[in-house]
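# Coordinate inspection notes
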Amino acid sequence: MAVPTAVEDLLTRFEDALLAEAFSDAPFVSEAATHIISAGGKRFRPLLVFLSAQFGGDVDEDDLIGAALVVELTHVASLYHDDVMDEAELRRGAPSANAKWGNSIAILVGDYLFSRASARVAKLGVEYVSLQAETFTRLVQGQIAETRGPGEDEKPLEHHLQVIADKTGSLIATSAVFGGMVSGASPQIIDALRAYGEELGVVFQLSDDVIDITSEETGKTPGTDLREGVPTLPTLMLDSSTNPDDAELKSLIDGDLESEDALAAALEGLRGHPVMDRAKAEVRRRAELARSHLAVLPEGEAKDTLAEVCTELVERSA
């Protein structure tokens with residue numbers, strides 16, 4: 001993906017600012033708070049902040065870096081909490097904070113990073129604080145809904161899509177909006193960036209859902225969510241099937257997948273099932289919907305890069 005040079009420069013500057021923002025007067029807090037940050041990451045949300053800032057006027061780079069810090073600190077803080085909820089042992093190839101220091105420390109470090117995000121957003125202004133608060137509400141709401149599971153009157157697939165929209169789409173949308181706000185972009189452009197980011201967040205997660213089944217070719221461990229019984233787009237589509245021929249595969253997936261043989265059989269069954277083509281088609285459809293929201297944006301490198309993001313998310317799950 002071709003990223004404009006000006007954005008690359010901002011990302012380089014951002015990396016140092018992110019580490020500095022996580023530091024504390026207490027050495028242990030600094031160590032724990034930079035644990036996930038130091039392991040690297042895509043910095044996808046800051047990238048969207050910087051790209052979206054290309055559609056307005058001149059920007060104050062300190063404010064732009066500050067906006068990117070708010071969304072990335074919020075994201076990283078949520079990872080600490082997610083790992084506790086999921087009882088995860090690894091994060092970005094390294095021991096998770098909860099595995100290393102225990103659940104209580106991991107939760108408190110997440111809270112510390114949320115507080116750092118709050119301090120940063122306060123410097124940007126009331127409108128930014130309000131949007132950050134709304135976003136945080138949706139993040140928590142999505143986590144509660146995921147933990148509780150679908151209600152009796154909810155369709156599991158619709159519930160899954162709403163959880164994704166709240167847990168992933170909301171912060172990605174806010175990243176795009178923050179960039180537009182800092183640059184003074186028009187309301188029309190900001191609305192387009194919000195719609196694009198919201199849809200892109202859903203595509204981002206749905207492509208991960210597909211990759212969990214197909215990831216043998218990408219070097220990632222396949223079937224992680226499948227083994228843990230985490231709902232994904234392909235398994236939820238299969239669950240909704242009324243074809244009696246699917247009963248055996250459904251039973252296998254709903255059973256104990258701890259053994260390598262059972263997991264391999266479930267993966268083989270899913271990979272050869274038409275549901276995978278349907279899931280990939282849905283990722284493509286949602287990616288095109290995200291791309292369509294870019295139509296009102298001025299032509300240029302930034303718009304081209306935002307469109308390329310959609311293409312890459314489709315290709316990684318193809």
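Each remark here, short or long, concerns the structure printed above.
Residues numbered from 1 in each chain as written. Predicted model: local features only at pLDDT ≥ 70, side-chain atom pairs only at ≥ 80, totals over all residues. Heavy atoms only, no water.

### As for the environment of asparagine 98
The following threshold applies: Numbered from the N terminus, helices here are DSSP runs of H or I no shorter than four residues, and strands are runs of E no shorter than two. When accessible area is computed with a 1.4 Å probe and restricted to protein chains, residues below 20% of their type maximum are described as buried, those above 50% as exposed, and intermediate ones as partly exposed. Contact definition: two residues touch when any of their heavy atoms are within 4.5 Å. Polar contact is the term for a pair of N or O atoms within 3.5 Å; when the atoms are in protein, one must be able to donate a hydrogen and the other to accept it, and sequence-neighboring residues count only if both atoms are side-chain atoms.
As for its placement among the helices and strands, asparagine 98 is situated in helix α6 (residues 97-101). Residue classification places asparagine 98 among the buried positions, given a relative accessible area of 10%. Setting aside anything within four residues of it in sequence, one finds asparagine 98 in contact with Asp83, Val84, Glu87, Ala88, Asn103 and Ala106. A distance of 3.0 Å separates the side chain of asparagine 98 from the side chain of serine 96, its partner in a polar contact.

### Let's talk about the packing of helix α4 (residues 44-52) against helix α10 (residues 187-214)
This is how the line gets drawn: In this analysis an axis means a line fitted to C-alpha atoms, helices contributing only their contacting stretch, and an angle means the value between N-to-C directions, from 0 to 180 degrees. Any angle that is under 35 degrees is reported as roughly parallel, and any over 145 degrees as roughly antiparallel; angles of 65 to 115 degrees are reported as roughly perpendicular and all others as oblique. Crossings are assigned a handedness: left-handed for a near helix turned anticlockwise from the far helix by less than a right angle, right-handed for a clockwise turn.
For the pair α4 and α10, the least separation of the axes is 12 Å and the interaxial angle reads 155°. Between α4 and α10, the crossing angle belongs to the class labelled roughly antiparallel. Both α4 and α10 take part in a crossing whose hand is right-handed. Note on element contacts: α10 touches α4 through Leu193, Tyr196, Leu200 and Phe204, opposite Phe44, Leu48 and Ser52.

### Some thoughts on a negative patch on the surface
To keep it simple, the criterion reads: Patch definition: residues with relative accessible area over 30% and no salt bridge; like charges joined within 9 Å; nonpolar side chains (Val, Leu, Ile, Met, Phe, Trp, Tyr) joined within 5 Å. All accessible-area figures derive from a Shrake-Rupley calculation using a 1.4 Å probe, and residue coverage is judged against the displayed protein chains alone. Every case where a carboxyl oxygen of Asp or Glu lies within 4 Å of a side-chain nitrogen of Lys or Arg is listed as a salt bridge. Think of it this way: Lys and Arg go in the positive column, Asp and Glu in the negative one, and His and the chain ends go nowhere. Charge positions come from single atoms, namely NZ of Lys, CZ of Arg, CG of Asp or CD of Glu.
Together, Asp86, Glu87, Glu228, Asp256 and Glu258 give the surface a local cluster of negative charge. By the secondary structure assignment, glutamate 228 is in helix α11 (residues 224-228).

### Here's the deal with the side chain of aspartate 82
Mapping aspartate 82 onto the fold places it in helix α5 (residues 61-86). Leaving out residues up to four positions away in the same chain, aspartate 82 has contacts with Arg91, Gln143 and Lys167.

### Quick notes on the side chain of serine 30
Mapped onto the elements, serine 30 comes out in helix α2 (residues 27-33). When sequence neighbours within four positions are dropped, the list of residues in contact with serine 30 reads Ala22, Phe23 and Ser24.

### As for the packing of aromatic side chains
The description of two aromatic rings rests on the distance between their centres and on the angle between their planes. The condition is simple: Here is the rule: rings of Phe, Tyr and Trp (six-membered ring for Trp) pair when centre to centre is within 6.5 Å. Planes less than 30 degrees apart are stacked, more than 60 are edge-to-face, and the remainder are tilted. Distance and angle both matter: a charge sits over a ring if NZ of Lys or CZ of Arg is within 6 Å of the ring centre and within 35 degrees of the ring normal.
Counted under the stated rule, the structure contains five aromatic pairs. Between the aromatic rings of phenylalanine 114 and phenylalanine 136, the centroid separation amounts to 4.8 Å while the plane-to-plane angle is 65°, which identifies the pairing as edge-to-face. Here the residue phenylalanine 114 occupies a position in helix α7 (residues 103-122), and phenylalanine 136 occupies one in helix α8 (residues 126-148), the gap between them amounting to 22 residues. We classify phenylalanine 114 as buried; its relative accessible area is 13%. Residue placement shows arginine 316 over the ring face of phenylalanine 204; its charged tip is 5.4 Å from the ring centre.

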